[in-house]
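Survey of secondary and tertiary structure
Letter by letter, the chains look like this.
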Amino acid sequence: MKIFHSINEFVATKKTILTLGTFDGVHFGHKTILKKVTQGTMNGNYESVVLTFFPHPRMVLQEKSEIKLLNTIAEKIELLEQLGIENLIIHPFDTTFSQLTAEEFVRDILVNRFNIQKIIIGYDHRFGRNRTADINDLITYGKTYHFEVEQITAQEINAISVSSTKIRTAILEGEIDLANAYLEYPYPISGQVIQGKQLGRTIGFPTANIAIAEDFKLIPKNGVYIVNSIINDQLVYGMMNIGTNPTVGGEKQSIEVHFLDFSKDLYNQSVKISILHRLRSEQKFQNIDFLKAQLALDESTTREYITTNQLLNKS
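Note that the coordinates shown come from a computational prediction; the quantities given were computed from them, not determined experimentally.

Reading the values: the criteria
- Residues numbered from 1 in each chain as written.
- Predicted model: local features only at pLDDT ≥ 70, side-chain atom pairs only at ≥ 80, totals over all residues.
- Heavy atoms only, no water.
- 1 Å grid on protein atoms, 1.4 Å probe; cavity = no way out; pocket = protein on both sides within 12 Å on 5 of 7 lines; lining within 4 Å.
- Points joined across faces, edges and corners; volume = space filled by probe spheres on them.
- Helix = DSSP H or I, 4+ residues; strand = E, 2+ residues; numbered from the N terminus.
- Axes fitted to C-alpha atoms, helices over the stretch in contact; angles between N-to-C directions.
- Parallel < 35°, antiparallel > 145°, perpendicular 65-115°, else oblique.
- Left-handed = near helix turned anticlockwise from the far one by under 90°.
- Contact = heavy atoms within 4.5 Å.
- Nonpolar A, V, L, I, M, F, W, Y, C, P; charged D, E, K, R; others polar.
- Buried < 20%, exposed > 50% of the residue type's maximum accessible area, 1.4 Å probe, protein only.
- pLDDT = per-residue confidence, 0-100.
- Core = buried A, V, L, I, M, F, W, Y, C linked by side-chain atoms within 4.5 Å.

**Concerning empty space enclosed by the protein**
Unfilled space is identified by rolling a water-sized probe across the atoms. Per the stated rule, a full pass over the model turns up 1 cavity of 30 Å³ or more. Approximately 80 Å³ is the volume attributed to the largest cavity. Looking at the largest cavity, the residues that line it are Thr22, Asp24, Phe53, Phe54, His56, Leu69, Asn71, Thr72, Ile73, Lys76 and Phe216. Of all elements in the fold, only strand E3 (46-54) and helix H3 (73-82) reach the threshold of two or more residues within the lining of the largest cavity.

**Re the packing of helix H5 (residues 102-111) against helix H6 (residues 135-145)**
Taken N-terminus to C-terminus, the directions of H5 and H6 make an angle of 50 degrees; their axes are 11 Å apart at the nearest point. Classified by the interaxial angle, the pair formed by H5 and H6 is oblique. As H5 runs across H6, the sense of the crossing is right-handed. Between H5 and H6, the residues in contact are Ala102, Glu103, Val106, Arg107, Leu110 and Val111 and Leu138, Tyr141 and Tyr145, respectively. Residues that form the contact of H5 with H6 fall into these classes: 7 nonpolar, no polar and 2 charged.

**Some details on the packing of helix H7 (residues 154-172) against helix H8 (residues 176-183)**
Running from N to C, H7 and H8 point in directions that differ by 155 degrees, and their axes come no closer than 8 Å. If you check the angle between H7 and H8, you find them roughly antiparallel. When you trace H7 past H8, the crossing you get is left-handed. Contact with H7, carried on its side by Ser163, Lys166, Ile167, Ala170 and Ile171, involves Ile176, Leu178, Ala179, Tyr182 and Leu183 of H8 and no other residues of that element. Of the residues in the contact of H7 with H8, the class split is 8 nonpolar, 1 polar and 1 charged.

**Observations regarding the environment of Phe4**
Tracing the backbone through its elements, the reader meets Phe4 in strand E1 (residues 2-4). Judged by relative accessible area, Phe4 falls into the buried class, the value being 14%. Put simply, Phe4 and Ile90 are 86 residues apart on the chain and 6.2 Å apart in space, counted from C-alpha to C-alpha. In contact with Phe4, not counting residues within four places along its chain, are Glu9, Phe10, Asn87, Leu88, Ile89 and Ile90.

**A few points about the confidence of the model for the protein**
On average, the protein scores 92 in pLDDT, and the residues at 70 or more come to 98%. For the protein, helix H9 (residues 199-202) is the element with the lowest average pLDDT, namely 68, and E1 is the one with the highest, namely 98.

**Some thoughts on the nonpolar core**
Core analysis: the biggest nonpolar cluster contains 39 residues, and Ile171, Tyr187, Met240, Phe259, Ile273 and Ile275 have the highest contact counts within it. Sort the elements by how many residues they give to this core and H8 lands first, with 4 residues. Beyond its immediate stretch of four places on either side in the chain, Tyr187 contacts Leu69, Leu70, Ile171, Ile176, Asn180, Lys217, Leu218, Pro220, Ile273, Ser274 and Ile275.

Okay, here's the thing in structure tokens:
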């Protein structure tokens, strides 16, 4: 997959089949649309294009927007590449871009820049300055500039909208199994391993402290989770705590992972953590000994979970 960080970087080598949107989560609802794009290019006559934007338009147009996203840019790139998209354009969204008229967008970008054959878009899509144009205007432009418009049905759009809302709600409520079912992959968080207080080492459960650079990334509800990660081409499982470590008087939220059967130095490395299952809520224990006992139970439960799922995957 070729990645472009501006519309102006892209030069079409063939007629294109294009869809556009935020595609946050790239969940099963999004995949139905993206499959239509890739299926349309299977004959080799056209190339597939996904146009998305960053920052999220709401971050730019709504002054007090506190939107949290399911994917970082790196995570979204990985997910879209797995679906066979040939060209991904991540265009910087700003107020200047938002002021393009509908015809400027169609003529200068869709037609002249993308050499468009077909656009696949939602029936409720609005575009152009102040979002004044709708799908009917796009169909009219299609006739004028000789490209096809394929509408995504209300049923499909509603499924995407409902799914995105349900995924965010599930993650915020700690219902990670439900979120993963909608996503069709384990919810990821990615960040750099930084120096922590190193308390875990003193109680037999050393942890990697994960710092997430993107403040817009949606963080799951505080608690203890079963996770895995690919580290140096090795699949490693672990227990992740999201919370404030109240037993030792912590106040600031942190993300810490105790990897099982793994002892290599990870400081300053970037890691992607896939969240598989929630074990329990974060608790304040009477003392460190009670905490250690609970962590031992958590490890036992985690190992049972891993063994069970490995057996299920083999059957």
